[in-house]
Amino acid sequence: MDLLEIKGISKIYGSVKALQNIDLTVKQGEWLAIMGPSGSGKTTMMNIIGCMDKPTEGSVILDGTDISKENAKNLTAVRREKIGLIFQQFHLINYLTAVENVMVAQYYHSMPDEAEALRALERVGLLARAKHLPSQLSGGEQQRVCIARALINYPMLVLADEPTGNLDEANENIVLDIFKQLHKDGVTIVVVTHDPEVADEAERTVVLEHGRIARIVYNDAGDDTGKRADKDAGDDTGKRADADAALSDDRSIV
Amino acid sequence: MFFRLVKGALFRQKGKMLMVAFTIALGASLATAMLNVMLDVGDKVNRELKTYGANINVIPKEASLLGELYDVDDDSGLTEHYLNESELGSLKTIFWAFNIVDFTPYLNARINVNSRSGGETGVNLVGAWFDKHMDLPTGESLDTGMRNMKNWWDVEGSWISDDDADSAMVGGILAERMGLGVGDTISVSIAGRLQDLNVRGIFNSGSDEDERVYVPLALAQSLIGKQGSVSSIEVSALTTPDNELSRRAAQNPNSLSVKEWETWYCTAYVSAICYQIDEVLTGSVAKPIRQVAESEGAILEKTQLLMLLITVLSLIGSALGISNLVTAGVMERSREIGLLKALGADNAPVSFLVLAEILITGVIGGVAGYFAGLGFAQIIGHSVFGSAIAIKPMVIPIVAILVFIVTVAGSLPSIRLMLSLRPAEVLHGR
């Protein structure tokens, strides 16, 4: 079943065509990566899927609702009810503790529940750091708080913008493990990334260039755990030179 | 959660919020000081002006008619109509009794004074109260007379008292013309009766009073044989500046509707006080001394207008200051606000959050400003009027409303800016 259906969307800023005639569907429970060089339209696409922007043309149907036609108030409601956002810069409120940062999302969704927020932090391995301020947390820990915040309201779709962009390798692996677990739990994930290693963990990678879909890569058809064959084979460095190099034999290109 | 967010924002931006609180406090303090002074300045200015003389003159009705018909001066001694001295205590029984600050009766007579050269000079003799102690029918007591009402007189020697039976005060011009000095004796004659008077004081008033001889009222009554009579009464009263209603009433009180009449009667307009004086003094006509009454009104209105302008300008200044500070704060917090919106916060709760922070700051600033304003009011009171300013409780709700309006008005630009923030722009720079 398709959770997200994008039909011919374009986004034009003045004379700049950030996205051009994009068609894409994301199934319920799918893990999709969006890759591409800077300026390829990744963040624009994420903003549109995340109800933070509207396409100039085309439609975006999320869970049966055409969000491209909704007004700002309804888009806010969709964002609140259906989407969990994870940011590269974490965007934690620096005067609130980790658990309070998670509770902020609850507050604007329904009712703050500290016990539930603590369980969300426990899920990302941060229960012991729940009462710490963001300034007292490492980058990886802050990103895990950001993930806990994104998950606290049980969103249909988790949108992550460069979730490992500011993390070292160890923290990147921790975050990816959390994503794998989410995927295993049936959460639909769309990750925008520069990092082929992160993209390889997804079931499918959409590569954008100049605002168009250049290609779609199916990373591990049939492996519903989302694990890549070469990674399973012992490639634990997790780093590759570029996106093209990621297109190994165990994946198909469309 | 809401209060955690508000508390966090307040403490995180405490420097900026202190500036906002200080700005609000400044506006509130000026508003408090000016409003307290403005509400009290009527009495204060009135009392100041009262030291420069009476604003109501009461004369016998018949004398008033003669004056109007034949232009006969009330104090010339030529009119043979008098008021009853025994009724003077009634002045302190009228509706606006507490607004009657001072009064003094006069009895005028034309007398001859023997000069040193042996010739006689005709002068006006005035009998008056100087420092009269009265026990009123209401049980209160009152000290009134010329010493209070003519306190700007420059007196050489001393004031005479109401009990003096052979003392007089002589006007400076007359004393110079007759070569009189303090301690001299003058011989006055009226209707063939002679009386020696000791010159206890020579005064300069700067008016035609300087050509008169003043004696205690009882002595004047005795000299001219008019015991218990007075020619006129000067009254110094605290009044409210005239308006259209009072001007209409002054022309004809019967032209007013019942409601208008009650409003006029129960307001301390000079015409209402005159009307009430007429009611208690038999055969009298009380007339406002227009120059004084109108000057008082004009000065009062201008003073109040000035204070109102200062209040309004200070509040506008505060609103602009708040606006700048809060807008700068919102710009600094644009990412945080964008994040809240990205997490699903509507415009209303985000606006309410920022408004709550500012209003809490406003309450703190407003309370501090109110008490500072009370201090400023006392400084103004002591430095300008030489007395304390009465604290008016009604200023509290007025200042509270003004602080609320100024704070909200000052916050509007920042709230507009906040509403226009789009999460995608502030979080991703798009």
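Residues numbered from 1 in each chain as written. Chains lettered and ligands numbered in written order. Predicted model: local features only at pLDDT ≥ 70, side-chain atom pairs only at ≥ 80, totals over all residues.

1. Quick notes on the overall build of chain A
The following threshold applies: Note on conventions: DSSP H or I runs of at least 4 residues are helices, E runs of at least 2 residues are strands, and numbering of each starts at the N terminus. Counting other C-beta atoms within 10 Å of a residue's C-beta gives its exposure: the residue is buried at 20 or more, exposed at 12 or fewer, and partly exposed in between, where C-beta atoms are placed from the backbone. In this description, any two residues whose backbone-derived C-beta atoms lie within 7 Å of each other are considered to be in contact.
Scanning chain A from terminus to terminus reveals eight helices and eleven strands. Each of the 254 residues in chain A was classed as buried or not, and the buried ones make up 52%. Counting contacts in chain A only where the partners sit at least 6 residues apart, residues at least 24 apart contribute 66% of the total.

2. Side note on the overall build of chain B
Looking only at helices and strands, chain B features 14 helices and 14 strands. Sorting the 430 residues of chain B into buried and exposed places 44% on the buried side. Considering only residue pairs separated by 6 or more positions, chain B has 78% of its internal contacts joining residues 24 or more positions apart.

3. Section: unusual backbone geometry
Residues and elements named next belong to chain A. In the Ramachandran plot, Asp-63 falls in the positive-phi region, its phi being about 50 degrees despite a non-glycine side chain. Relative to the elements of secondary structure, Asp-63 occurs in the loop between strand 4 (57–62) and strand 5 (65–66). Here the phi dihedral of Tyr-154 falls at roughly 50 degrees; this positive angle occurs in a residue that is not glycine.

4. A look at the nonpolar core
What counts, and what does not: Nonpolar cores are identified as sets of buried Ala, Val, Leu, Ile, Met, Phe, Trp, Tyr and Cys residues joined via C-beta atoms within 7 Å.
In terms of nonpolar packing, the biggest core is built from 125 residues, with Val102(A), Leu121(A), Ala148(A) and Leu159(A) touching the most fellow members. Broken down by element, the residue count for this core peaks at 16 residues, all from helix 2 (residues 14–50) of chain B. Here Ala148(A) is in contact with Val102(A), Ala120(A), Leu121(A), Arg123(A), Val124(A) and Leu126(A), once residues within four sequence places are set aside. In terms of nonpolar packing, the next biggest core, distinct from the first, is built from 63 residues, Ala220(B), Val230(B), Ala272(B) and Leu281(B) among them.

5. A look at the interface of chain A and chain B
The cut-off we apply is this: Three categories are distinguished: nonpolar for Ala, Val, Leu, Ile, Met, Phe, Trp, Tyr, Cys and Pro, charged for Asp, Glu, Lys and Arg, and polar for the others, with Gly belonging to the last.
Contact with chain A, which involves 22 residues of that partner, is made by 20 residues of chain B. Taken together, the elements giving at least two residues each to the side of chain A that touches chain B come down to helix 1 (42–49), helix 2 (72–82) and helix 3 (98–109) of chain A. Per-element accounting of the side of chain A that touches chain B gives the leading share, seven residues, to helix 3 of chain A. Of the residues that constitute the side of chain A that touches chain B, the class distribution is twelve nonpolar, five polar and five charged.

6. Notes on the sheet that holds strand 5 of chain A
All names here are of chain A. Threshold: Following DSSP output, two strands are said to pair if at least two bridges run between them.
Strand order in the open sheet formed by four strands is 2-1-4-5, with antiparallel pairing between adjacent strands. Edge positions in the sheet fall to strand 2 (16–27) and strand 5, since each of these pairs with one other strand and no more. Looking at chain direction, strand 1 (residues 2–13) and strand 4 are connected through five bridges and run antiparallel. Its bridge partner lying in strand 4, Lys-7 is registered against Ser-59.

7. Quick look at the confidence of the model for chain A
Selection criterion: Values of pLDDT, ranging from 0 to 100, describe the predictor's confidence in every residue of the model.
The predicted model of chain A averages 81 in pLDDT, with 86% of residues at 70 or higher. Highest mean pLDDT in chain A belongs to strand 3 (residues 31–35) of chain A (92); lowest belongs to helix 8 (residues 229–232) of chain A (36).

8. Some words on helix 3 of chain A
What counts, and what does not: For a helix, the expected span equals 1.5 Å multiplied by the number of residues minus one.
The first and last C-alpha atoms of helix 3 of chain A sit 18 Å apart over twelve residues, in line with the 16 Å expected at 1.5 Å per residue. Taking burial as the measure, the twelve residues of helix 3 of chain A include eleven buried ones, the bulk of the element. Listed as buried for helix 3 of chain A are Ala98(A), Val99(A), Glu100(A), Asn101(A), Val102(A), Met103(A), Val104(A), Ala105(A), Gln106(A), Tyr107(A) and Tyr108(A). The inward-facing, buried residues of helix 3 of chain A abut helix 2, helix 4 (114–123) and helix 5 (139–151) of chain A together with helix 1 (2–12) and helix 11 (334–342) of chain B.

9. Let's talk about the confidence of the model for chain B
Looking at chain B as a whole, its pLDDT mean stands at 83, while 90% of the residues score no less than 70. The lowest-confidence element of chain B is helix 3 (residues 61–70) of chain B, averaging 65 in pLDDT; the highest-confidence one is strand 11 (residues 212–216) of chain B, averaging 93.

10. What about the packing of helix 7 (residues 244–251) of chain B against helix 8 (residues 258–265) of chain B?
Residue and element names in this part refer to chain B. Spelled out, the test is: Axes here refer to lines fitted to C-alpha atoms; in helices the fit is confined to the stretch in contact. Angles between the N-to-C directions go from 0 to 180 degrees. The cut-offs work like this: below 35 degrees is roughly parallel, past 145 is roughly antiparallel, 65 to 115 is roughly perpendicular, and the gaps in between are oblique.
Orientation of helix 7 relative to helix 8, taken along the N-to-C sense of each, is 100 degrees, at an axis distance of 10 Å. By the angle between their directions, the pair helix 7 and helix 8 is classed as roughly perpendicular. In this structure, helix 7 uses Leu-245, Ser-246 and Ala-249 to contact helix 8, whose residues at the interface are Glu-260, Thr-263 and Trp-264. Tallied by class, the residues present in the contact of helix 7 with helix 8 amount to three nonpolar, two polar and one charged.

11. Remarks on the pairing of strand 7 (residues 157–161) of chain A
Looking down a regular strand, the side chains alternate between one sheet face and the other. All names here are of chain A. Cut-off, in case you're wondering: With the strands aimed away from the viewer, a crossover counts as right-handed if its path from the first strand over the helix to the second runs clockwise.
Counting buried residues along strand 7, five of its five residues qualify, which places the element largely inside the surrounding structure. For strand 6 (residues 83–86) and strand 7, the ladder comprises four bridges, and the chain directions are parallel. Following the sheet pairing, Leu-85 is matched in strand 7 by Leu-159. Summarising the sheet, strand 7 and strand 8 (residues 188–193) pair through five bridges and their orientation is parallel. The residue of strand 8 that forms the bridge with Val-158 is Ile-189. Regarding topology, helix 6 (residues 169–184) serves as the crossover connection from strand 7 to the parallel strand 8, and that connection is right-handed.

12. A closer look at the pairing of strand 4 of chain A
With two bridges connecting them, strand 4 of chain A and strand 5 of chain A associate as antiparallel partners. Counterpart to Leu62(A) in the pairing with strand 5 of chain A is Thr65(A).

13. Concerning the environment of Thr43(A)
Positionally, Thr43(A) belongs in helix 1. Placed 149 residues apart in sequence, Thr43(A) and Val192(A) show a C-alpha to C-alpha distance of 7.2 Å.

14. Observations concerning the environment of Trp159(B)
All names here are of chain B. Assignment of secondary structure puts Trp-159 in the loop between strand 7 (154–157) and strand 8 (167–171). Residue class for Trp-159 comes out partly exposed when judged on the 19 C-beta atoms lying within 10 Å of it. Between the alpha carbons of Trp-159 and Arg-147 there is a distance of 7.6 Å; along the sequence they are twelve residues apart. Once you skip the residues sitting within four places of it in the chain, Trp-159 turns out to touch Phe-130, Arg-147 and Gly-201.

15. Re the packing of helix 3 of chain A against helix 5 of chain A
All names here are of chain A. We count it as follows: Helix crossings fall into two classes, left-handed where the near helix is turned counterclockwise from the far one by less than a right angle and right-handed where it is turned clockwise.
Where helix 3 contacts helix 5, the axes come no closer than 8 Å and their chain directions differ by 30 degrees. If you check the angle between helix 3 and helix 5, you find them roughly parallel. Here the hand of the crossing between helix 3 and helix 5 comes out right-handed. Contacts from Ala-98, Asn-101, Val-102 and Ala-105 of helix 3 reach helix 5 at Val-145, Ala-148 and Arg-149. Per-class residue counts for the contact of helix 3 with helix 5 are five nonpolar, one polar and one charged.

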